[in-house]
Amino acid sequence: MHHLPFKNYMEDAVEHMLNRLAPQYPHICMCERCRTDMMMLALNNLPPRYVSTHKADVLRRVESMEMPYDVEVLTETVRAMQIVHGQPHHNRNEEGISF
């Protein structure tokens, strides 16, 4: 069965929020590993919002979703930033072993 492509809108929303917040928190590491950990933590605490990836659909859906979920996305992103800042893994390998 063939289906239209889709994606979780929340991934873009959290990434956008991290980009907006990073300059306000210069003491928090934003290396690739820490950013990934922050994204995963925030996304695990947010409900998924899947959208069709047809360009017109995505733009319309993103515009309609943005406002109601901004506070939720902000809250979970800041929470994830604080957690990762307190226990960064950027000096560890995939198994969590320090190098």
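Residues numbered from 1 in each chain as written. Predicted model: local features only at pLDDT ≥ 70, side-chain atom pairs only at ≥ 80, totals over all residues. Heavy atoms only, no water.

**Some remarks on the overall build of the protein chain**
Item 1. For the protein chain, the helix and strand inventory stands at three helices and two strands.
Item 2. When the helices and strands of the protein chain are read in sequence order from the N terminus, they spell out β-α-α-β-α.
Item 3. Looking at the protein chain residue by residue over its 99 residues, the buried ones come to 29%.
Item 4. A sequence separation of at least 24 residues applies to 76% of the contacts in the protein chain between residues at least 6 apart.
Item 5. A total of about 6900 Å² of accessible surface is found on the protein chain, and carbon and sulfur atoms cover 56% of it. (Helix = DSSP H or I, 4+ residues; strand = E, 2+ residues; numbered from the N terminus. Buried < 20%, exposed > 50% of the residue type's maximum accessible area, 1.4 Å probe, protein only. Contact = heavy atoms within 4.5 Å. Areas by Shrake-Rupley, 256 points an atom, 1.4 Å probe, with all protein chains shown as cover.)

**Some points on the pattern of salt bridges**
Item 1. For the coordinates displayed, the defined rule picks out three salt bridges.
Item 2. Salt-bridge contacts for Glu 76 lead to Arg 79; the nearest nitrogen and oxygen are separated by 3.3 Å. Taken together, the residues span about one helical turn, with Glu 76 and Arg 79 both in helix α3 (residues 55-86) at a distance of three residues.
Item 3. Glu 76 gets classed as buried once you look at its relative accessible area, which sits at 16%. (Salt bridge = Lys/Arg side-chain N within 4 Å of Asp/Glu carboxyl O.)

**Observations regarding the packing of aromatic side chains**
Item 1. Applying the stated rule across the entire model yields one aromatic pair.
Item 2. Pairing Phe 6 with Tyr 50 gives two aromatic rings, centres 5.8 Å apart and planes at 80°, and the pair type is edge-to-face. With Phe 6 in strand β1 (residues 6-8) and Tyr 50 in strand β2 (residues 50-52), this pair connects stretches of sequence that are 44 residues apart. When sorted by exposure, Phe 6 lands in the same class as Tyr 50, which is exposed. (Phe/Tyr/Trp six-rings, centres within 6.5 Å; stacked < 30°, edge-to-face > 60°.)

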